[in-house]
Amino acid sequence: MEDTTSTATRQEHGWSSLPSDLLKIIVDLLPWSSHPRFAATCKHWRSAASPFYPAWITPVLLNAAEVGTTNVRYYSPYYHKNFEVAKTLDTPNAKLCCANGHCLTLCQRAGGNDEFIVVHTDLVTGKVYNLFPPEYTSFDFVVYDDGTRRMFGISMIGSLEVYRAVETDDDAWSNWESLYDSDHPKPYYVSPMTNPVFHRGLLYMLCVDGRLAVYEDSRREEGFRILDMPKGFGFECDGYYLFESDEGELMAVLKGNRRGPPVHVVKLNEQSMEWEEVESLEGRALFTGTLTTTMVKTKVKWMQNKIFVPRLYDWPETIHVDLVNREGELAFVPISTGVVQHGGACGTRSIWTHELGPEEASEFWETVKLDYSIWVNFST
């Protein structure tokens, strides 16, 4: 006769009594966003879920130990922690140029000689593409157009030169093609800290006087031409960062001077072609101060309506991690099992932030500036 009591007991406790190694296999197949619900089932299931830090909550700051080297280390303003990945980018004396999603582009001199190469690397897989070296020049700016899979290299020292490489179907890159080369002096000055930006299929650069220079393939013989409008910002500033917003607007972050607000945000009114000052970020967060400026919507309340700049009040804890991709979600997974997952930094004064308004920049002092860094957005 069948023991109905033991059968009922097995049915009642079957799921909660699964072997730990089986639970580990199951949880490793789930996307990261499912792990909290998995761990909330019971204590036994929670023990099978490893700690992790979501990499997609906010943009993270890739920074280097010293200028000229790039160990893969990310600072998260949400957690106020450094996450250092075991693998490094073999790019000595490289210059960070731009970041687009998982991809980072650097420029470097190869092998201790004068050959100049552009390195395009996938930060998740670690795959590195050494692009064909351009002839007779180096680049001050590199910008990637995700929509058309084109990369533009721009030289601003001396003459103005524009080059283009195109991504092929087999994930390789074509030779650099010279689009424009002029020996004439440039009629404008751009900020050394703002990358060119693609907007509505055109390549824009921000001049230090508030004017815009624009380049388009159909008029390549003109190089970058200065638009008649806008003519200026209407106030003085010391730093300039051009970007396209999450809603497709052409905007700029302007670092003020000691006589006014520390930060301005302006938006181009494309009807009147004038810069208009933005009074609210409408719940979004803005990450700037590097060659990549990113505006994102965030559910983290203390990060809403904040402008984040890579200046730290104190150097954060460093955790050695693996960067793991599961169904498009990226997470920092601690290598040491003793690391316990923590919540966010909850608005502590760990990184310099600012809200739009008239307050002075006194809180900007006593911070450590991260010169060799760039914002990377793993949510895209």
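Residues numbered from 1 in each chain as written. Predicted model: local features only at pLDDT ≥ 70, side-chain atom pairs only at ≥ 80, totals over all residues. Heavy atoms only, no water.

Asks: Is there a simple way to explain the overall build of the chain in this structure?
Replies: Along the backbone of the chain there are four helices and 28 strands. Buried positions account for 51% of the 380 residues belonging to the chain. (Helix = DSSP H or I, 4+ residues; strand = E, 2+ residues; numbered from the N terminus. Buried < 20%, exposed > 50% of the residue type's maximum accessible area, 1.4 Å probe, protein only.)

Asks: Explain the pairing of strand E17 (residues 239–244) to me, please; I cannot follow it from the model alone.
Replies: Look at any regular strand and the pattern is simple: side chains alternate between the two faces of the sheet. Judged by how many residues are buried, E17 sits mostly within the fold: five of six residues are covered. Relative to strand E18 (residues 250–255), E17 runs antiparallel, the two sharing six bridges. Bridged to Phe 243 within E18 is Met 251. Taking the residues between adjacent antiparallel strands as the criterion, E17 and E18 are bridged by five residues, where Gly 248 takes a positive phi near 80°. (Pairing = 2+ DSSP bridges.)

Asks: Even after reading the chapter, I still don't get the sheet that holds strand E9 (residues 141–145), so can you show me in this structure?
Replies: Strand pairing within a sheet occurs via backbone hydrogen bonds; the two strands may be parallel or antiparallel. Pairing is antiparallel in the open sheet, where four strands are placed in the order E9-E10-E11-E12. Single-partner strands in this sheet number two, and they are E9 and strand E12 (177–182). Direction aside, neighbouring strands of the sheet carry axes that sit 15° apart on average. Of the strand pairs in this sheet, strand E10 (residues 150–155) and strand E11 (residues 160–166) are connected by six bridges, and their pairing is antiparallel. Counted as the bridge partner of Ser 155 is Glu 161 from E11. (Axes fitted to C-alpha atoms, helices over the stretch in contact; angles between N-to-C directions.)

Asks: Before we go on, may I ask you to explain the nonpolar core in this structure?
Replies: Grouped together as the largest cluster of nonpolar side chains are 39 residues, with contacts concentrated most on Tyr 74, Leu 104, Leu 323, Phe 332, Ile 374, Val 376 and Phe 378. Ranked by size, the runner-up nonpolar core spans 17 residues in total, among them Phe 152, Ile 154, Val 190 and Leu 203. (Core = buried A, V, L, I, M, F, W, Y, C linked by side-chain atoms within 4.5 Å.)

Asks: Sorry, what's going on with the sheet that holds strand E14 (residues 202–206) here?
Replies: Read from one edge to the other, the open sheet built from four strands follows the order E13-E14-E15-E16, with strand pairing classed as antiparallel. Every other strand in the sheet has two partners, leaving strand E13 (197–199) and strand E16 (225–226) as the edge strands with one partner each. Across three bridges, E13 lies against E14 in antiparallel orientation. Counterpart to Val 197 in the pairing with E14 is Tyr 204.

Asks: Looking at this structure, I do not really get the confidence of the model for the chain. What am I missing?
Replies: The predicted coordinates ought not to be read in detail in places where the model reports low pLDDT. Confidence in the prediction of the chain, expressed as mean pLDDT, is 79, and 79% of residues score 70 or more. Looking across the chain, the model is least confident in helix H1 (residues 4–13), with a mean pLDDT of 50, and most confident in strand E21 (residues 284–287), with 95. (pLDDT = per-residue confidence, 0-100.)

Asks: How should the environment of Thr 293 be read in this particular structure?
Replies: On the secondary structure map, Thr 293 appears in the loop between E21 and strand E22 (294–297). Once the C-alpha coordinates of Thr 293 and Cys 98 are considered, the two residues, 195 residues apart in sequence, prove to be 9.9 Å apart. Apart from residues lying up to four places away in sequence, Thr 293 is in contact with Tyr 241, Phe 243, Val 253, Leu 286, Phe 287 and Thr 288. A polar atom in the side chain of Thr 293 sits 2.9 Å from the side chain of Thr 288. (Contact = heavy atoms within 4.5 Å. Polar contact = N/O pair within 3.5 Å; in protein donor to acceptor, adjacent residues only side chain to side chain.)

Asks: When you look at the packing of aromatic side chains in this model, what are you seeing that I'm missing?
Replies: The description of an aromatic ring pair rests on the distance of the ring centres and on the angle between the ring planes. Taken as a whole, this structure holds 18 aromatic pairs when the rule is applied. Pairing Phe 139 with Tyr 163 gives two aromatic rings, centres 5.7 Å apart and planes at 55°, and the pair type is tilted. In this pair, Phe 139 sits in the loop between strand E8 (128–130) and E9 while Tyr 163 sits in strand E11, placing the two residues 24 residues apart along the sequence. When sorted by exposure, Phe 139 lands in the same class as Tyr 163, which is buried. Between Phe 139 and Trp 176, the ring centres sit 5.0 Å apart and the planes meet at 70°, which makes this aromatic pair edge-to-face. Separated by 37 residues along the polypeptide, Phe 139 in the loop between E8 and E9 and Trp 176 in the loop between E11 and E12 bring together distant segments of the chain. Per residue, the accessibility class of Phe 139 equals that of Trp 176, and both read buried. (Phe/Tyr/Trp six-rings, centres within 6.5 Å; stacked < 30°, edge-to-face > 60°.)

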